[in-house]
Amino acid sequence: MDIAVIGLPQSGKTTVFNALTGGHSSSMGAGDAGPLQVGVVKVIDPRLAVLDGMYHPKKVIHPEIKYWDLPPIDREAASANQVLSGRQRNILQAADALLLVIRAFEDPALLHPLETVDPARDVKLLLDELSLADLEALEKAEARLSDGLKKAKPAERPAMIPLLETVQKVKAFLEEGIPMKSQKLTGSETAALVDFQLLTAKPVMIAFNVGEDDKAPTLESLGISSEVAVGLGEVGLCAKLEEDLSLMEADEAEEFREAMGLDEPAVERVKQVCYSTVGLVSFLTVGEDECRAWPVPAGIVAQMAAGTIHTDFTRGFIRAEVIAYDDLIRCGSLAQGRKEGVLRSEGKTYEVKDGDVINFLINT
Ligand SMILES: Nc1nc2c(ncn2[C@@H]2O[C@H](COP(=O)(O)OP(=O)(O)OP(=O)(O)O)[C@@H](O)[C@H]2O)c(=O)[nH]1
Ligand SMILES: [Mg+2]
């Protein structure tokens, strides 16, 4: 899963990124203004340690979250509150979710680009920026599609109209301030727009970057209306402190946290917010070669889940043998699970649950 870290200039994006990746990042080539950094964080699934003890596989593979830190925008060329350059928008399109860093710390020595620290204003500004990027993309698409329609032969027109109508519909909702993910679209409308990679279709998490002694605000405490806040994940952290802690040895950092009465590490809290905001569950696969956890969107059906292992598996899907993790541990083996009738055979449309241990039967 790829998460892009965005926010106003000097809001603490790179500090948040460092806190989450603990300095384990690498540069992905230089952009207009500097390098694009990517950092990979393993999401340890404790169930895999138990399965490791049962199966002694050659490999145990935990899911990963990749965080992307964008280079700062060119402040001489940009306006004070400009959030994203054109190139940055392109990077965001490829992300699975967005982490918006909002400055909530006071520091007289560090100027805010809009002069005052006002988290509620910045949340709205950033969300508007995402809508604006989508509106521009949809306007261009509308012009291109309308033009194509005019030039098309009459027989070709009926096939072109639905996409144009969908673009117009989504654009009209956006103009009313409704992000694409809150729009009630049909499956085929959503599918038609997949290639547009619209930013307001992506899950968004807000990270309030607070000072060391401050209590983090919430969307509610800031008075952000529930219409705007719907579907947003939120987390508060002191990025500077978390960055320092992420560079310490684990037990030293733990002692420090206890002494200071701090919450769980930010990396854990952001991961949890990410799983709940994106709506992820994990299914598990076991065997002598590898035991692995596969994060998939909640509600995914077995046939599509098979495709996360290998795209061909969706086409070749025959059925899935499924046992709940707890049942497998209780029974001690798949064979015993079968005897007890808790290992079931499920078809294409079975809805995958968190902790399902699955063996897919595939026609290759
Ligand atoms: N006081 C205080 N300063 C912070 C905090 N987080 C970040 N800073 C400082 O804010 C400045 C900007 O932080 P960065 O993490 O570089 O911000 P950025 O958003 O990546 O900045 P650009 O990439 O240039 O847009 C640095 O001097 C940080 O040390 C915080 O929680 N408290
Ligand atoms: Mg930065």
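This write-up is about the structure you can find in this document.

Here is what the cut-offs are and how they apply
Residues numbered from 1 in each chain as written. Chains lettered and ligands numbered in written order. Predicted model: local features only at pLDDT ≥ 70, side-chain atom pairs only at ≥ 80, totals over all residues. Heavy atoms only, no water. Buried < 20%, exposed > 50% of the residue type's maximum accessible area, 1.4 Å probe, protein only. Helix = DSSP H or I, 4+ residues; strand = E, 2+ residues; numbered from the N terminus. Pairing = 2+ DSSP bridges. Phe/Tyr/Trp six-rings, centres within 6.5 Å; stacked < 30°, edge-to-face > 60°. Patch = residues over 30% accessible without salt bridge, like charges linked within 9 Å, V, L, I, M, F, W, Y side chains within 5 Å. Areas by Shrake-Rupley, 256 points an atom, 1.4 Å probe, with all protein chains shown as cover. Salt bridge = Lys/Arg side-chain N within 4 Å of Asp/Glu carboxyl O. Lys, Arg positive; Asp, Glu negative; His and termini not counted. Charge placed at Lys NZ, Arg CZ, Asp CG, Glu CD. Contact = heavy atoms within 4.5 Å. Near = heavy atom within 4 Å. Polar contact = N/O pair within 3.5 Å; in protein donor to acceptor, adjacent residues only side chain to side chain. Nonpolar A, V, L, I, M, F, W, Y, C, P; charged D, E, K, R; others polar.

1. A few points about the pairing of strand E1 (residues 2-7)
So, step 1. For E1, the buried fraction is high: six of the six residues fall into the buried class.
So, step 2. Every second residue of E1 is oriented toward a common face, with Asp2, Ala4 and Ile6 on one face and Ile3, Val5 and Gly7 on the other, all of them buried.
So, step 3. The pairing of E1 with strand E5 (residues 64-69) spans four bridges and is parallel. Residue pairing for E5: isoleucine 3 is matched across the bridge by tyrosine 67.
So, step 4. With five bridges joining them, E1 and strand E6 (residues 97-103) adopt parallel strand pairing. Considered in E6, the bridge of alanine 4 is made with leucine 98.

2. Examining the packing of aromatic side chains
So, step 1. Taken as a whole and assessed by the stated rule, the structure comprises three aromatic pairs.
So, step 2. Considering the side-chain rings of phenylalanine 283 and tryptophan 294, the 6.2 Å spacing of their centres and the 10 degrees angle between planes classify their relative orientation as stacked. Here phenylalanine 283 is found in strand E9 (residues 280-285), whereas its partner tryptophan 294 is found in strand E10 (residues 290-297), with 11 residues between them in sequence. Across the pair, exposure class does not vary: phenylalanine 283 and tryptophan 294 are buried alike.
So, step 3. Site record: aromatic cluster; members linked through ring pairs are Phe283, Trp294, Phe317 and Phe360.

3. Concerning a negative patch on the surface
So, step 1. The grouping of Glu249, Asp251, Glu252, Glu254, Glu255 and Glu258 at the surface amounts to a negative patch.
So, step 2. Within the element layout of this structure, aspartate 251 appears in helix H9 (residues 250-260).

4. Regarding the side chain of lysine 202
So, step 1. Position of lysine 202 among the secondary structure elements: in the loop between helix H6 (187-192) and strand E7 (204-209).
So, step 2. Lacking a salt bridge, the buried lysine 202 has aspartate 96 as its closest oppositely charged neighbour, with an N-O distance of 6.4 Å.
So, step 3. Those residues within four positions of lysine 202 in sequence are excluded, and the remaining contacts are Leu92, Gln93, Ala95, Asp96, Leu98, Lys181 and Gln197.

5. A look at the site of ligand 1
So, step 1. For ligand 1, the set of nearby residues contains 16 residues, the closest of which are Gln10, Gly12, Lys13, Thr14 and Thr15.
So, step 2. Glutamine 10 places a side-chain nitrogen or oxygen 2.9 Å from an oxygen atom of ligand 1.
So, step 3. For ligand 1, an oxygen atom lies 3.0 Å from a polar atom in the backbone of glycine 12.
So, step 4. For ligand 1, whose unbound accessible area comes to 650 Å², protein coverage reaches 79%.
So, step 5. It is helix H1 (residues 13-21) that contributes the most residues to the shell around ligand 1, three residues altogether.
So, step 6. Classifying every residue of the shell around ligand 1 gives seven nonpolar, six polar and three charged.

6. Some words on the side chain of glutamate 321
So, step 1. Mapped onto the secondary structure, glutamate 321 falls in strand E11 (residues 317-324).
So, step 2. There is a polar contact of 3.2 Å between the side chain of glutamate 321 and the side chain of arginine 338.

7. Focus: the pattern of salt bridges
So, step 1. In this structure the tally under the stated criterion is 21 salt bridges.
So, step 2. With its nearest N and O atoms 3.0 Å apart, the salt bridge here joins arginine 47 to aspartate 45. By the burial criterion, arginine 47 is buried, and aspartate 45 matches it.
So, step 3. In this structure, aspartate 147 and lysine 151 form a salt bridge, with 3.1 Å as the shortest nitrogen-oxygen distance.

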